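Residue-level structural notes
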Amino acid sequence: MAVATDALSWTERTFATVPGVGPDAAALLGDAHFIDLHLDLHVPVRLFGYDPARAHRPWCRPIPFFGHTDLPRVRQSGFTGVVYDVATNPFRPESSRLEATHRNLRDVVALAESHPDHLAIATTAAAYDRAVAAGKLAMMPSLQGGNAVAASVDALDGPLGDLVTRITVVHLTTSVFGGTSSPLGADTGLTARGAELVQRMVQRRILVDLAHAGKKTFWGLIEQVPAGTPPIVSHTGVAGVHPHWRNVDDAQIRAIADRGGVVGVMYQSSFLEPVLLWGRRARILDHLQHIIDVAGEDVPAIGTDYDGMIVPPGDLADVTHHGLLVQDMLDRGWSEARIRKILGLNYLRVFREVRP
Ligand SMILES: [Zn+2]
């Protein structure tokens with residue numbers, strides 16, 4: 001289902017031509033820093049060889065689970081940067097997990113290097129700035145599931161620690177590091193090994209991501225993060241709008257805010273509202289608004305979780321339709337300054353502080 005040619009699709013910016021996107025929204029998105037705090041495109045690439053460098057034609061609604069993005073469409077959407085995630089398979093034996101992580105990260109670097117005119121790996125804010133100035137999409141590698149390195153925290157001292165900008169300490173299962181919020185695991189709290197991992201991450205200036213952490217583990221992680229390294233929740237909903245095991249409560253939002261961090265709102269419909277399949281994009285704004293109400297407008301961000309087995313809102317039919325989300329923000333009377341913070345400046349503030 002590829003459209004046009006690679007060359008054309010990489011350079012087009014189609015968000016401005018989506019019906020319903022006014023000139024103000026298009027202009028704002030056209031020159032804003034727009035960063036996705038959590039893109040899981042590498043999951044379908046790894047699972048069934050999905051081509052991330054080829055533009056795929058959008059459907060009338062986002063397909064459940066995968067096919068939400070590819071890098072040309074992400075560029076067309078106005079994104080300037082993505083936190084490009086490599087997720088861990090917790091069922092892989094610990095002995096081969098680190099090797100798989102290295103292989104996946106090599107693939108991500110090779111992907112960027114094979115499209116040097118359009119993509120750039122950005123492990124620092126300076127590299128992000130260079131990529132954006134050159135008109136490229138900045139890819140900031142990250143790991144979801146600290147157990148990617150479970151066999152050896154020392155791996156962070158090597159090239160892996162140079163490349164990875166962020167680690168989500170726990171994922172959907174409880175690991176040697178701590179407990180998940182998911183019903184698939186028990187919230188056992190942060191373990192001594194988990195504390196050791198965080199200390200090592202802080203030394204290597206790797207962002208500490210508390211998404212997926214069970215409450216006990218979350219508070220254990222907060223205790224481990226010293227001043228000067230703001231913790232983040234990269235992709236989540238908020239319980240104040242929709243109570244759910246996957247969502248963070250107001251005290252958790254305040255804890256992140258008090259330490260200068262950010263909270264990214266994700267697009268899984270059932271975390272945003274009680275639906276089985278597609279919800280509404282208005283709920284993304286409701287969750288962002290709640291974060292603002294609880295902690296101010298320096299905290300919210302966008303962490304889509306696209307291609308991470310989610311069902312995005314049905315009226316955000318394609319990643320290239322993000323102009324509609326910006327239009328919604330303007331229609332709610334949100335200031336341009338607030339919108340720019342949510343789209344990218346809040347995350348950039350943290351990224352610049354931790355990884356200048
Ligand atoms: Zn996740």
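Since the model is a prediction, treat every value here as computed from it, not as a measurement. (Residues numbered from 1 in each chain as written. Predicted model: local features only at pLDDT ≥ 70, side-chain atom pairs only at ≥ 80, totals over all residues. Heavy atoms only, no water.)

1. A closer look at the packing of helix H10 (residues 250–258) against helix H12 (residues 282–295)
At a minimum axis distance of 9 Å, the contact between H10 and H12 shows a crossing angle of 70°. In terms of axis orientation, H10 runs roughly perpendicular to H12. In this structure, H10 crosses over H12, and the sense of that crossing is right-handed. Of H12, the residues touching H10 (which contributes Asp-250, Ile-253, Arg-254 and Ala-257) are His-290, Ile-291, Val-294 and Ala-295. (Axes fitted to C-alpha atoms, helices over the stretch in contact; angles between N-to-C directions. Helix = DSSP H or I, 4+ residues; strand = E, 2+ residues; numbered from the N terminus. Parallel < 35°, antiparallel > 145°, perpendicular 65-115°, else oblique. Left-handed = near helix turned anticlockwise from the far one by under 90°. Contact = heavy atoms within 4.5 Å.)

2. What to know about the layout of surface pockets
Empty space within the largest pocket amounts to approximately 800 Å³. Looking at the largest pocket, it is lined by 37 residues, and the ones nearest its centre are Val-43, His-171, Leu-172, Gly-308 and Met-309. Sorting the residues of the lining of the largest pocket by element identifies helix H3 (42–48), strand S2 (81–87) and helix H5 (94–113) as the ones contributing at least two each. Here the lining of the largest pocket gets six residues from one element, more than from any other, and that element is H5. Class assignment of the residues belonging to the lining of the largest pocket gives a composition of 17 nonpolar, eleven polar and nine charged. Looking at the second largest pocket, its volume works out to about 170 Å³. Arg-57, Trp-59, Ile-63, Gly-67 and Arg-73 are, among the 18 residues lining the second largest pocket, the residues nearest its centre. Residue composition of the lining of the second largest pocket, by class: eleven nonpolar, three polar and four charged. (1 Å grid on protein atoms, 1.4 Å probe; cavity = no way out; pocket = protein on both sides within 12 Å on 5 of 7 lines; lining within 4 Å. Points joined across faces, edges and corners; volume = space filled by probe spheres on them. Nonpolar A, V, L, I, M, F, W, Y, C, P; charged D, E, K, R; others polar.)

3. So, the coordination of the zinc ion
Distances from the zinc ion to its protein donors, Gln-144 (OE1), His-212 (NE2) and His-235 (NE2), fall within 2.1 to 2.2 Å. Read N to C, the donor residues that coordinate the zinc ion are spaced as Q-x67-H-x22-H. Here His-235 lies in strand S7 (residues 233–236) and His-212 lies in the loop between strand S6 (207–209) and helix H9 (215–224), a separation of 23 residues in the sequence. Classification of His-212 as buried rests on a relative accessible area of 7%. Here His-235 falls in the buried class, since its relative accessible area comes to 0%. (Donors = N, O, S within 2.8 Å, 3.2 Å for Na, K, Ca; no water. Buried < 20%, exposed > 50% of the residue type's maximum accessible area, 1.4 Å probe, protein only.)

4. Looking at H10
Within H10 the residues assigned to the buried category are Gln-252, Ile-253, Ala-255 and Ile-256. Angularly, the buried residues of H10 cover 160° about the axis, an arc narrow enough to put them on a single face. Elements that come into contact with the buried residues of H10 comprise H9, S7, strand S8 (263–265) and H12. Remark: Gly-260 follows H10 within two positions and exhibits a positive phi of approximately 85°. (Arc of directions from axis to C-beta.)

5. Some details on the pattern of salt bridges
Taken as a whole, this structure holds 21 salt bridges when the rule is applied. Among the ionic pairs, Asp-154 bridges to Arg-200, the shortest N-O distance being 2.9 Å. Here Asp-154, found in the loop between strand S4 (137–144) and helix H7 (159–163), pairs with Arg-200, found in helix H8 (residues 192–203); they are 46 residues apart in sequence, far enough to count as distant. The partly exposed category is assigned to Asp-154, whose relative accessible area is 46%. Assessed through its relative accessible area of 14%, Arg-200 is described here as buried. Of the charged contacts in the structure, one is a salt bridge between Asp-298 and Lys-341, with a shortest N-O distance of 2.7 Å. Of this pair, Asp-298 sits in the loop between H12 and strand S9 (300–302) while Lys-341 sits in helix H14 (residues 336–354), and the two are 43 residues apart along the sequence. With a relative accessible area of 22%, Lys-341 lands in the partly exposed category. One network of salt bridges, with partners in common, ties together Asp-154, Asp-157, Glu-196 and Arg-200. (Salt bridge = Lys/Arg side-chain N within 4 Å of Asp/Glu carboxyl O.)

6. Here we look at a nonpolar patch on the surface
Together, Leu-172, Leu-184 and Trp-245 make up an exposed nonpolar region whose accessible area comes to about 310 Å². With respect to the helices and strands, the residue Leu-184 is situated in the loop between strand S5 (166–168) and H8. For Leu-184, a relative accessible area of 68% translates into the label exposed. (Patch = residues over 30% accessible without salt bridge, like charges linked within 9 Å, V, L, I, M, F, W, Y side chains within 5 Å. Areas by Shrake-Rupley, 256 points an atom, 1.4 Å probe, with all protein chains shown as cover.)

7. Considerations on the packing of aromatic side chains
This model, assessed by the stated rule, comprises six aromatic pairs. With 5.3 Å between their ring centres and 85° between their planes, Tyr-267 and Tyr-306 make a pair best called edge-to-face. A residue pair is termed long-range when its members are at least 10 positions apart, and Tyr-267 in the loop between S8 and helix H11 (269–272) and Tyr-306 in the loop between S9 and helix H13 (322–331) qualify at 39 residues. Just as Tyr-267 is buried, Tyr-306 falls in that class too. A cation over an aromatic ring shows up here: Arg-338 above the ring of Trp-334, its NZ or CZ 5.5 Å from the ring centre. (Phe/Tyr/Trp six-rings, centres within 6.5 Å; stacked < 30°, edge-to-face > 60°. Lys NZ or Arg CZ within 6 Å of the ring centre and 35° of its normal.)

8. A look at unusual backbone geometry
Look at Asp-307: it is not a glycine, yet its phi comes out positive at around 70°. Along the chain, Asp-307 falls in the loop between S9 and H13. Not every positive phi belongs to a glycine, and Met-309 is a case in point at roughly 65°. With respect to the helices and strands, Met-309 occurs in the loop between S9 and H13.

Taken by themselves, the reported measurements are silent on function.
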